[in-house]
Amino acid sequence: MNTAGHSEATARRGLELTPFRGLRYDPDRVGSLSAVTSPPYDVVVRPDGLHHLQDADPYNIVRLILPQAPTPTDRNEQASDTLRRWQAEGVLTTDPEPGLYVYEQRHADGMLQRGIIGALRVSDPAEGVVLPHEDVMPHVVADRAALMRATSANLEPLLLTYRGNGSTATTADVVERLADKPPLLSTTTEDGYTHRLWSVTDPSDVTAIQSELARHQALIADGHHRWATYRRLRAEHPSPSPWDYGLVLLVDTARYPLRVRAIHRLLHALPLTDALAAVEGLFRVRRLDVPLAEALEVLADAACAGNAFLLAGDGAFHLLDRPDPDLLARTIPADRPAAWRTLDATVLHATLLDQVWRIPEDSPAHIAYIHDTAATVAKAEHDGGTAVLMHPVREEVVRDLARQGVTMPRKSTSFGPKPASGLVLRALEP
C-alpha cells in the first residue's frame, strides 16, 4: 500500500466525524471529577494502580473499564450493571443535545494539547483513512469486544492524530475560540494535568469541522486494540447502526505535537541471570550501577548508534547494544522496509523474544507491557523476572511506516498525553 494510494482513498472518503450526546458524570453526584477519572485501561498498573483508583471514589471509571470479578462473563455483566445503575441514579447523565467536544490537557511543564472528540466512522485499513501502526493481540481485542457488547458503550476515547498543516484553519479557530470560554468541566488529576472540556453544538461549527476533517487521514496514536474492537463490533451489527462509529479524540499534531514514549516489557518467568546468559556473545552487555534516570540517558545515547535495550531486575541496569549482524540477518524478515527491520521493537520481538529467549509475545503469563518505567523495574525486582526497557521511536518513523501499510510490532510506542477516561462516554443504546 503506497502513499499515493492512501491520498486517493482519503480524497474519496476521509475522516467522518459525527456529533453525539455525551454521557458525563454529574459533578454534584461524585466527590470530585479528578477522583472518578482514570488513565486508559491498558495504562493502569495492576493491582496497585487499579486498587488505588477504585478506592479513590466508588464511582471511579475503572469500575467500568476494568471491572473485577472471578470470570470474564462476571466482569462484563458487572460493568453493564454498574453502568445502568449509575445512569439510573443520575451519576452519569446524557448531554441534552448532540455535539462534538473540544478537549484540552495542560501541564505545568508547558505541555498543551487540544483536540476534537467525536464519533468517527469505523473504516477498514484498505481505505487508508485510519492508519494503524502496530499489530494487536487477539485476546485483548476479544476482551474489549466482550466488554463493549455487554455495556453497549464506548467507555473511553482512542487517541488519533492528523496533520492539519494549515488546511484545517476553521477547526483550529473553533478550538481556540472555545478555549477562551468557560468549560463544561475542569479538573486536575494527580499526574498534574489539568483537563477541560467544551461542547461544539453550533451547526455551522460542526459542519465546518466535518468538512475539513473529511480531507484528512489519521494515525492511531493510542488505541489499536480498541479500534480493532470497533471494527469487529461494526461487522457484527447490520449497517446502519451506532456501531458504525467509535469514540475518538483527534489531535492536529502540526499544532500540538505529541510526546512519544516507549512501552516496556516485563518477562515474568525469565530470571535476569538467565536472560543475560542467553545473550552472551550475541550483544555487547555492560552493567550500569547508576540511578534509573542516568541509565535511561545511557540507553538514549546507545540507541542513536543502533539497537539498544536496558535489562533490569537485580538492582542494577544492564545495557544491551551492538547486536551481532549475523544474528540479525538470521532472525529478522528481509521482506520489510529497512526502517522496520532496524526498529528496536522488531529486534526485541523477532530476535530476542522469539529466537533467543523463546518467550511467547502474546501470552500474559509470560510477558506484560507496562508504560511506567519505574513500575516495570520495581515489578521485575519484586517478582524475580526481567524488565526490558525501551527507547521511544520518533513520530515521523511511525507515520511513514503506517503510510506504507507496514505495522510495527505490538506495543511499540506510547503517544501522549493520553485522554483521561471518565470525562465523556458514548452510549450506543438509549
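What you see is a predicted model, and the numbers here were worked out from it, not measured in a lab.

1. Overview of helix α5 (residues 72-89)
An α-helix turns once per 3.6 residues; consequently, residues spaced three or four apart project the same way. Taking 1.5 Å of rise per residue, 18 residues should cover 26 Å, and α5 covers 26 Å from first to last C-alpha, within 8% of that figure. Those residues of α5 that fall on the buried side of the exposure criterion are N76, A79, S80, T82, L83 and W86. For α5, the angular spread of buried residues about the axis comes to 160 degrees, placing them on one side. With respect to the buried face of α5, the exposed residues turned more than 90 degrees away are D81 and A88. Here the buried face of α5 lies against β2 (23-25), α4 (62-65), β3 (92-94), α6 (138-151) and β7 (153-154). Within two residues after α5, G90 carries a phi angle of roughly 80 degrees, on the positive side.

2. Quick word on the packing of aromatic side chains
What the rule picks out here adds up to five aromatic pairs. For the ring pair F20 and Y101, a centre distance of 5.4 Å and an interplane angle of 55 degrees mean the geometry is tilted. Of this pair, F20 sits in the loop between β1 (17-18) and β2 while Y101 sits in strand β4 (residues 100-107); the two residues are 81 residues apart in sequence, bridging distant segments of the chain. Both residues of the pair, F20 and Y101, belong to the buried class. Ring centres of Y25 and W86 lie 6.2 Å apart, and the angle between their planes is 50 degrees; on these two criteria the pair is classed as tilted. With Y25 in strand β2 and W86 in helix α5, the pair connects residues that are 61 residues apart, well separated along the chain. Accessibility assignment for this pair places Y25 and W86 in one class, buried. Against the face of Y41 rests R144, its NZ or CZ located 4.0 Å from the ring centre. Above the ring of W340, the side-chain terminus of R336 is found at 4.4 Å from the ring centroid.

3. A closer look at unusual backbone geometry
Put simply, S239 and P240 share a cis peptide bond, and its omega is 0 degrees. Tracing the sequence through the fold places P240 in the loop between α9 (224-236) and β12 (245-252). Cis geometry is found at the peptide bond from G416 to P417, where omega equals 5 degrees. Its location among the elements puts P417 in the loop between β20 (414-416) and β21 (426-427). For S152, which is not glycine, the phi torsion reads 50 degrees and is therefore positive. The buried category is assigned to S152, whose relative accessible area is 7%. For R322, which is not glycine, the phi torsion reads 50 degrees and is therefore positive. The exposure class assigned to R322 is exposed, which follows from its relative accessible area of 59%.

Quick notes on the rules
- Residues numbered from 1 in each chain as written.
- Predicted model: local features only at pLDDT ≥ 70, side-chain atom pairs only at ≥ 80, totals over all residues.
- Heavy atoms only, no water.
- Helix = DSSP H or I, 4+ residues; strand = E, 2+ residues; numbered from the N terminus.
- Expected span 1.5 Å × (residues − 1).
- Buried < 20%, exposed > 50% of the residue type's maximum accessible area, 1.4 Å probe, protein only.
- Arc of directions from axis to C-beta.
- Contact = heavy atoms within 4.5 Å.
- Phe/Tyr/Trp six-rings, centres within 6.5 Å; stacked < 30°, edge-to-face > 60°.
- Lys NZ or Arg CZ within 6 Å of the ring centre and 35° of its normal.

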